[in-house]
Amino acid sequence: MTGKAVRTALRPGRVLVALLAFAWATPLLWMLVAAFRPERAASAGMASLIPDYVPTLGNFAEAWDSADFALYYLNTIIICAGILAVQLVTISLAGYAFARLKFPGRTLFFYLFLIQLMLAPIVLLVPNLRTVAQLGLYDTLPGVMAPYFASAFGTFFMRQSFRTIPRELEDAALTDGARWWELIVHVYLPLTKPSMIAFAIVSVTAHWNEFLWPLMVINSPDRRPLTVGLAMFTLGAEGAQAWGVTAAGTLLVVAPLLIGFLLFQRRFVNSFMTSGLK
Amino acid sequence: MAELVVHMAGAGGDRVRVPRRRLRNLLGLALLSPSLVFLAVFTYWPTAQVLWQSVHAAPRRDGGSFGLQNYQAIVGDAAFRRALGNNLIYAAGTIVPSLVLALAFALTLVRSTRFNAVLRSVFFLPVLIPLVAAASLFLFIFLPGVGLLDYYLAKLGVQGANWLGDPDIALYSIMGLTVWKNAGYYMLFFLAGLQTIPPEAYEVALLDGASSWQRLRFVTLPYLRPTLAFVLVIGLLGVITQVDHIFILTKGGPSDSTNLLLFYIYQQAVERYDPGKAAAATVVMLALLLALTSLSLRRLERNLEAGE
């Protein structure tokens, strides 16, 4: 077995893929190495991937000072949490309706929801910006969140999970006199917790990473989310020293998701698998 | 909670309450309504708006008459044609390499060893980071002379290039970023697809004396067809809807050589204040999206209706 494993490991294809993995890791490795490099060591070769220095947090301090990362974090967290909170309500209600209720026009509504799945919201950014402005939400965080409050992907996702729950449970609860919302809260949601978590990971990752829409909606610097803040910061950075600070800023932006992934790998991977069409 | 559920499951069933169920079913519409309100405001209404606006000339030209002027305007706009052409090159040049690499990664790393798990994570990490953050890193990688790429190319004795400043190269540099960012995502789907291939299929092929290439060609790939189709569609959707990196790296330049459709729309709306052109270009994109998604709609419907 060991002999076979060694032989398989030495197959040229595997070596090539291992080399590619190194190439794949390079940009993130560079980010780590450059972010902790002291300013003095920078001139020698900013591109070096070898951490031949005593690590310092100077770049982080400078990034933190020159851009309002604390505020950007807060804004991004508010946006992600706000979207997710409303989505969880809308998708569990609609998901339950599609999964277990019969009502007039059910098929029609099903296709109406499908339209959102087909037309990516970001493509509608120009008319949506006008709507957001008309609603008085221009340059506000709710303006960034609003187009995502309904999620066809989430609705269909919850519908699928609700359907895996035996109807007998619902019937039993009904004969016990449970009301519809008690059914959802006490029977359906607790049993579909893994699905909700999967959806939450997809939703938070998507909106944590979103750029173009908040760029258009937000005008005030103190309402920028992390991505917009980082973009302005990167584009404003100049000179050789600035690259260490840019790397530090980038690390600040990507760290939470990367740490989340390293802690909950399986959950992340499974969620991303289900998110093919979102 | 589990106890409660068991209790409830055990408690009922014999009393039938049909009228109550029927009443409850009227709830359906009420439960859909929160979603429908948001869908109406942010999906149906804006779609109707761009359709309407795209066939009405901007007021400053001739009093808002009905016509195809906006479409003529974008077709006559070299920047739009360039963006459309770029988007095609960008689609082919990112999706094909990403798919091939993703398949190679999946085939190589399919067995769950510790080493393979680490490599899979390495390929997957770029998927997690924002496109803007990836662009910030690649801005340095592509920096002429002192950037990561030129620095190591110089060590190999290879002359670097002006990766983002040369109109003949810039789009291909950006494709490099996109392949880096997406291959790991597609790999996930191939890994899952490979799990669905029954081991017997390989055993039969082995008994028939099939070479590893033949096994790939006649066993693996046919089984992966649905996965391939699915990944192709999400890849195409991605190249249309993701342009954040353009904003950081090139802003569509030099001379529109890296302009993509969605970035063109952004330019028309925000920088050129031309809502008519923006609307017409948006309609073109919506049409592309509809065409793409309806290709996969049958599959999607089948999935959604599964167990109906």
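One structure accompanies this document, and this report is about it.

Calculation notes
- Residues numbered from 1 in each chain as written.
- Chains lettered and ligands numbered in written order.
- Predicted model: local features only at pLDDT ≥ 70, side-chain atom pairs only at ≥ 80, totals over all residues.
- Heavy atoms only, no water.
- Helix = DSSP H or I, 4+ residues; strand = E, 2+ residues; numbered from the N terminus.
- Buried < 20%, exposed > 50% of the residue type's maximum accessible area, 1.4 Å probe, protein only.
- Contact = heavy atoms within 4.5 Å.
- Lys, Arg positive; Asp, Glu negative; His and termini not counted.
- Charge placed at Lys NZ, Arg CZ, Asp CG, Glu CD.
- Areas by Shrake-Rupley, 256 points an atom, 1.4 Å probe, with all protein chains shown as cover.
- Phe/Tyr/Trp six-rings, centres within 6.5 Å; stacked < 30°, edge-to-face > 60°.
- Lys NZ or Arg CZ within 6 Å of the ring centre and 35° of its normal.
- Axes fitted to C-alpha atoms, helices over the stretch in contact; angles between N-to-C directions.
- Parallel < 35°, antiparallel > 145°, perpendicular 65-115°, else oblique.
- Nonpolar A, V, L, I, M, F, W, Y, C, P; charged D, E, K, R; others polar.
- Core = buried A, V, L, I, M, F, W, Y, C linked by side-chain atoms within 4.5 Å.
- Salt bridge = Lys/Arg side-chain N within 4 Å of Asp/Glu carboxyl O.
- Buried area = accessible area lost by both parts, 1.4 Å probe.
- Polar contact = N/O pair within 3.5 Å; in protein donor to acceptor, adjacent residues only side chain to side chain.

1. Overview of the overall build of chain A
Thinking step 1. Scanning chain A from terminus to terminus reveals 15 helices and zero strands.
Thinking step 2. Its C-alpha atoms give chain A principal-axis dimensions of about 75 × 65 × 30 Å.
Thinking step 3. Taken over 278 residues, chain A has a buried fraction of 58%.
Thinking step 4. Pairs at least 24 apart in sequence give 71% of the contacts found in chain A among residues at least 6 apart.
Thinking step 5. For chain A, the distance from the average site of its 20 positive side-chain charges to the average site of its 14 negative ones is 15 Å.

2. What to know about the overall build of chain B
Thinking step 1. Helix and strand counts for chain B stand at 15 helices and zero strands.
Thinking step 2. Within chain B, buried positions represent 51% of all 308 residues.
Thinking step 3. Long-range contacts, defined as pairs at least 24 residues apart, comprise 65% of the intrachain contacts of chain B with a sequence gap of at least 6.
Thinking step 4. If you sum the accessible surface of chain B, you get close to 14500 Å²; carbon and sulfur atoms cover 65% of it.

3. Focus on unusual backbone geometry
Residue and element names in this part refer to chain B.
Thinking step 1. Notably, Ser255 is not glycine yet its phi reads approximately 40°, a positive angle.
Thinking step 2. By the secondary structure assignment, Ser255 is in the loop between α13 (244-249) and α14 (261-271).
Thinking step 3. A positive phi angle, near 60°, is found at Asp256, a position not held by glycine.
Thinking step 4. Relative to the helices and strands, Asp256 resides in the loop between α13 and α14.

4. Quick notes on the packing of aromatic side chains
Thinking step 1. All chains considered together, the criterion is met by 35 aromatic pairs over all chains.
Thinking step 2. The interplanar angle of 90° and the centroid separation of 5.2 Å between the aromatic rings of Phe98 of chain A and Phe113 of chain A together place this pair among those described as edge-to-face. Separated by 15 residues along the polypeptide, Phe98 of chain A in helix α4 (residues 69-100) and Phe113 of chain A in helix α5 (residues 106-118) bring together distant segments of the chain.
Thinking step 3. Residue class for Phe113 of chain A comes out buried when judged on its relative accessible area of 1%.
Thinking step 4. Between the aromatic rings of Phe110 of chain A and Tyr111 of chain A, the centroid separation amounts to 6.1 Å while the plane-to-plane angle is 85°, which identifies the pairing as edge-to-face.
Thinking step 5. Judged by relative accessible area, which is 5%, Phe110 of chain A ranks as buried.
Thinking step 6. An aromatic cluster is defined as three or more aromatic residues linked by ring pairs; in this entry it consists of Phe98, Phe103, Phe110, Tyr111, Phe113 and Phe156 of chain A.
Thinking step 7. When the ring centre of Phe247 of chain B is taken as origin, the NZ or CZ atom of Lys251 of chain B, which lies over that ring, is 3.8 Å away.

5. So, the packing of helix α10 (residues 180-191) of chain A against helix α11 (residues 193-208) of chain A
Residues and elements named next belong to chain A.
Thinking step 1. Where α10 meets α11, the axes come as close as 4 Å, and the angle between the chain directions of the two elements is 65°. If you check the angle between α10 and α11, you find them roughly perpendicular. The residues of α11 that touch α10, namely those facing Leu189, Pro190 and Leu191, are Lys193, Pro194 and Met196.
Thinking step 2. A per-class count over the contact of α10 with α11 returns five nonpolar, no polar and one charged.

6. Focus: the nonpolar core
Thinking step 1. In terms of nonpolar packing, the biggest core is built from 152 residues, with Trp24, Phe69, Leu125, Trp213 and Phe272 of chain A together with Phe123 of chain B touching the most fellow members.
Thinking step 2. For this core, the leading source of residues is helix α10 (residues 170-195) of chain B, giving 15 residues.
Thinking step 3. Discounting residues that sit within four places of it in the chain, Phe272 of chain A has contacts with Ile201 and Thr205 of chain A together with Phe124, Val127, Leu128, Tyr185, Leu188 and Phe189 of chain B.
Thinking step 4. If you look at the next biggest cluster of nonpolar residues, it comprises 41 residues, including Phe113, Ala152, Ala173 and Ala178 of chain A.

7. Here we look at the pattern of salt bridges
Residue and element names in this part refer to chain B.
Thinking step 1. The full count for this structure, using the stated rule, is two salt bridges over all chains.
Thinking step 2. We note a salt bridge from Lys277 to Asp77, for which the minimum N-O separation is 3.1 Å. Pair noted here: Lys277 is in helix α15 (residues 275-305) and Asp77 is in the loop between α5 (69-76) and α6 (78-109), with a separation of 200 residues, a long-range link.
Thinking step 3. Among the residues examined, Lys277 registers a relative accessible area of 15% and is labelled buried.

8. Comments concerning the interface of chain A and chain B
Thinking step 1. Counting from both sides, the interface comprises 106 residues of chain A and, opposite them, 105 residues of chain B.
Thinking step 2. For the pair chain A and chain B, the summed buried surface comes to about 9500 Å²; carbon and sulfur atoms form 76% of the total.
Thinking step 3. The largest contributions to the chain A side of the interface with chain B come from Trp24, Met118 and Val123 of chain A, which together make up 9% of the buried area.
Thinking step 4. Viewed at the interface, chain B and chain A are joined by zero salt bridges.
Thinking step 5. The interface formed by chain A and chain B contains 11 residue pairs in polar contact (both at pLDDT 80 or more).
Thinking step 6. At 13 residues, the largest contribution of residues to the side of chain A that touches chain B is made by helix α2 (residues 12-35) of chain A.
Thinking step 7. The residue makeup of the side of chain A that touches chain B, split by class, is 73 nonpolar, 22 polar and 11 charged.

9. A closer look at helix α8 (residues 131-141) of chain B
Thinking step 1. For α8 of chain B, the buried fraction is high: 11 of the 11 residues fall into the buried class.
Thinking step 2. Looking only at α8 of chain B, the buried set comprises Leu131, Val132, Ala133, Ala134, Ala135, Ser136, Leu137, Phe138, Leu139, Phe140 and Ile141 of chain B.
Thinking step 3. Contacts from the buried residues of α8 of chain B go to α2, α13 (226-236) and α14 (242-263) of chain A together with α9 (148-155), α10 and α13 of chain B.

Everything listed is a geometric property; what it means functionally is a separate question.
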